[in-house]
Amino acid sequence: MPVFCQLCWSEPLLSSLLRRMPELETLEIVKLVNCPETFTPDMRCIMGESPLVQGYFVLAGMNSAGLSFGGGAGKYLAEWMVHGYPSESVWELDLKRFGALQSSRTFLRHRVMEVMPLLYDLKVPRWDFQTGRQLRTSPLYDRLDAQGARWMEKHGFERPKYFVPPDKDLLALEQSKTFYKPDWFDIVESEVKCCKEAVCVIDMSSFTKFEITSTGDQALEILQYLFSNDLDVPVGHIVHTGMLNEGGGYENDCSIARLNKRSFFMISPTDQQVHCWAWLKKHMPRDSDLLLEDVTWKYTALNLIGPRAVDVLSELSYAPMTPDHFPSLFCKEMSVGYANGIRVMSMTHTGEPGFMLYIPIEYALHVYNEVMSVGQKYGIRNAGYYALRSLRIEKFFAFWGQDLNTLTTPLECGRESRVKLDKGMDFIGRDALLQQRQNGVYKRLTMFILDDHDTDLDLWPWWGEPIYRNGQYAGKTTSSAYSYTLERHVCLGFVHNFSEDTGEEQVVTADFINRGEYEIDIAGHRFQAKAKLYPVTSLFTHKRRKEDVELSDLQGK
């Protein structure tokens, strides 16, 4: 959206420039250019191939930073056009992060009026735009809002961050902006505790949802080539898999349920809706009988997390939901309350026990009311994405767009088990992964647990903090959260092995990770950290339960 720069804007900048470089004052200004400028809804430029017209590339919306971004942006776009992909991950700038919903003239006008003053403003972690909101909402939005939900926006979709209890000062909470311990800390702690000890409900309707079907076996044949894990599983089973590019990097990280022999249900991150659709369409045969349908809007998704989730769902479905009857990573259409056709899946995206419920939207309010009503006796409560983030990071669950991107391979993040390398089946990225397995990886996703960090007094890690191994720079964090289980901050990030002599990258092994001494640099202060290649909460929980059993045995004697 073009906005005319005002001449008066130049005066403060010019004064500062002359103060720093006084000799410029003697130079003659031959021409002063006053021209239109373009801005985008998220203050980042747009680049890449159009999802609608193959071979049509875009580089625009520089947000008054064209001179500083021009060289790098031009380089990456040229690589994209010539080689099919840039040499660095530029997902945050990719045109396909936007959809048709962001093209409304009214939305753009209101959002750009907010964007312009924010360009040089200090943006604290997890801040949100205020304009263009309530564009995409779950059928439960009003109900959750009335119960204290505080909202954030993802791809135009409103998602609950956390739920404010009635006794909290809402105004003070909304105005709290800090790089330190946030005011919502105790609220999220209670939600996480409920997820671990009772049962919580998180509205996750924003997830991208596709159905892929065919009249014959073509759906399975094509998906086996497009995805890295083996999808030839019994009906009702769920597979976690990647959608890789030729270099073996993640174009998408998703879960696919086999509904029947010729139909699959695919669940992807919220902001994958345009990108994933365009990628699938580009690689699917044009003469096939394959049907790809975006059903995101058809289903409300409720994440029922916690050890008592099985009790709630058993009571509502009149069916046993224990692991013996409903194993992990299983999908089945069931009745919940009065509603039929609910797709129930035994996974929670957190590593905690529970179920995902994909509910036709006309049944959403009924199912939610029934879940909350029956769940009262089991201590049920609402929870938000901040609790989900804490749970998934302490379980070492990597998310696409944060920890994974188009340059990250399964071998670099410990996901070899999700790749069918030794099954003799071809898939996109297979050759690159075989080569990488032979040569070794040059970075490795690692979990870091901060040791000497004071949660109350020190600045928090959020993401992008430098990682040091034995005093030498080794990478940066990709995401972080406070673990209420470990009572420590947990960061995820990639560790590299840079040569001390040449700076070149060398192979990273598990032994290299384990033998290092690590520090995380937060705003210039380095904190000691323990590096792990596996989640520690499972061992922690097992030890705690063992101690509880031993204590109960002792008390019973």
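Going by the annotation in an unreviewed UniProt entry, the name recorded for the protein chain is Pyruvate dehydrogenase phosphatase regulatory subunit, mitochondrial, with Phyllostomus discolor given as the source organism. In UniProt, the protein chain has this text filed under Subcellular location (unreviewed entry): "Mitochondrion matrix".

J.: In this structure, what is going on with a nonpolar patch on the surface? I would like to understand it.
T.: On the surface, Leu14, Leu17, Met21, Ile29 and Leu32 cluster together into a nonpolar patch covering about 480 Å² of accessible area. Along the chain, Met21 turns up in the loop between helix 1 (10-20) and strand 2 (36-38). Its relative accessible area of 45% is what places Met21 among the partly exposed residues.

J.: Any chance you could explain the pattern of salt bridges here in plain terms?
T.: Side chains that differ in charge, positive against negative, can pair when their charged atoms come close. In this structure the tally under the stated criterion is 25 salt bridges. Residues Asp94 and Lys96 are paired through a salt bridge, measuring 3.4 Å at the closest nitrogen-oxygen approach. What makes Asp94 buried here is its relative accessible area of 5%. When the shortest N-O distance is used, the salt bridge between Asp232 and Arg258 registers 3.2 Å. Of the two residues, Asp232 is situated in the loop between helix 7 (218-226) and strand 9 (238-244) and Arg258 in strand 10 (residues 250-260); the sequence distance between them amounts to 26 residues. When salt bridges with common partners are traced through the structure, they connect Lys196, Glu352, Glu394 and Lys395 into a single cluster.

J.: Honestly, the sheet that holds strand 16 (residues 354-360) in this entry has me stumped. Any pointers?
T.: The pairing of strands in a sheet comes from backbone hydrogen bonds and takes either a parallel or an antiparallel form. Here we have 6 strands laid out as an open sheet, ordered 14-15-16-13-7-17, and mixed in their pairing. Each end of this open sheet is capped by a strand with a single partner; those strands are strand 14 (331-336) and strand 17 (381-382). By the bridge criterion, 4 bridges tie strand 7 (residues 200-203) to strand 13 (residues 299-305) in an arrangement that is antiparallel. Bridging across to strand 13, Val201 finds its partner in Leu304. Where helix 10 (residues 364-375) meets the sheet, its contacts fall on strand 7, strand 13, strand 14, strand 15 (339-345), strand 16 and strand 17, and the angle it forms with strand 16 comes to roughly 150 degrees.

J.: Looking at this structure, I do not really get the state of the cysteines. What am I missing?
T.: A covalent bond between the sulfur atoms of two cysteines is what we call a disulfide. One pass over the full model with this rule turns up 0 disulfides. The thiol of Cys276 is unpaired, and the distance to the nearest cysteine sulfur, on Cys254, comes to 6.5 Å. The buried category is assigned to Cys276, whose relative accessible area is 0%. The cysteine Cys413 is free of any disulfide, with Cys254 supplying the nearest cysteine sulfur at 13 Å. Classification of Cys413 as buried rests on a relative accessible area of 11%.

J.: What should I look at first to understand the sheet that holds strand 9 in this one?
T.: The sheet built from 5 strands is open, its strands ordered 9-10-11-8-12 with antiparallel pairing. Edge positions in the sheet fall to strand 9 and strand 12 (291-294), since each of these pairs with one other strand and no more. On average, adjacent strands in this sheet sit at an angle of 30 degrees to one another, irrespective of strand direction. Here strand 8 (residues 208-213) runs beside strand 11 (residues 263-268); their pairing, made up of 6 bridges, is antiparallel. Bridging from a neighbouring strand, Glu211 pairs with Phe265 of strand 11. Packing of helix 8 (residues 273-283) onto the sheet brings it into contact with strand 8, strand 9, strand 10, strand 11 and strand 12, and relative to strand 12 it is tilted by some 175 degrees.

The rules we used
Residues numbered from 1 in each chain as written. Predicted model: local features only at pLDDT ≥ 70, side-chain atom pairs only at ≥ 80, totals over all residues. Heavy atoms only, no water. UniProt positions renumbered as here; feature names shortened; annotations may be inferred. Patch = residues over 30% accessible without salt bridge, like charges linked within 9 Å, V, L, I, M, F, W, Y side chains within 5 Å. Areas by Shrake-Rupley, 256 points an atom, 1.4 Å probe, with all protein chains shown as cover. Salt bridge = Lys/Arg side-chain N within 4 Å of Asp/Glu carboxyl O. Helix = DSSP H or I, 4+ residues; strand = E, 2+ residues; numbered from the N terminus. Buried < 20%, exposed > 50% of the residue type's maximum accessible area, 1.4 Å probe, protein only. Pairing = 2+ DSSP bridges. Contact = heavy atoms within 4.5 Å. Axes fitted to C-alpha atoms, helices over the stretch in contact; angles between N-to-C directions. Disulfide = S-S within 2.5 Å.

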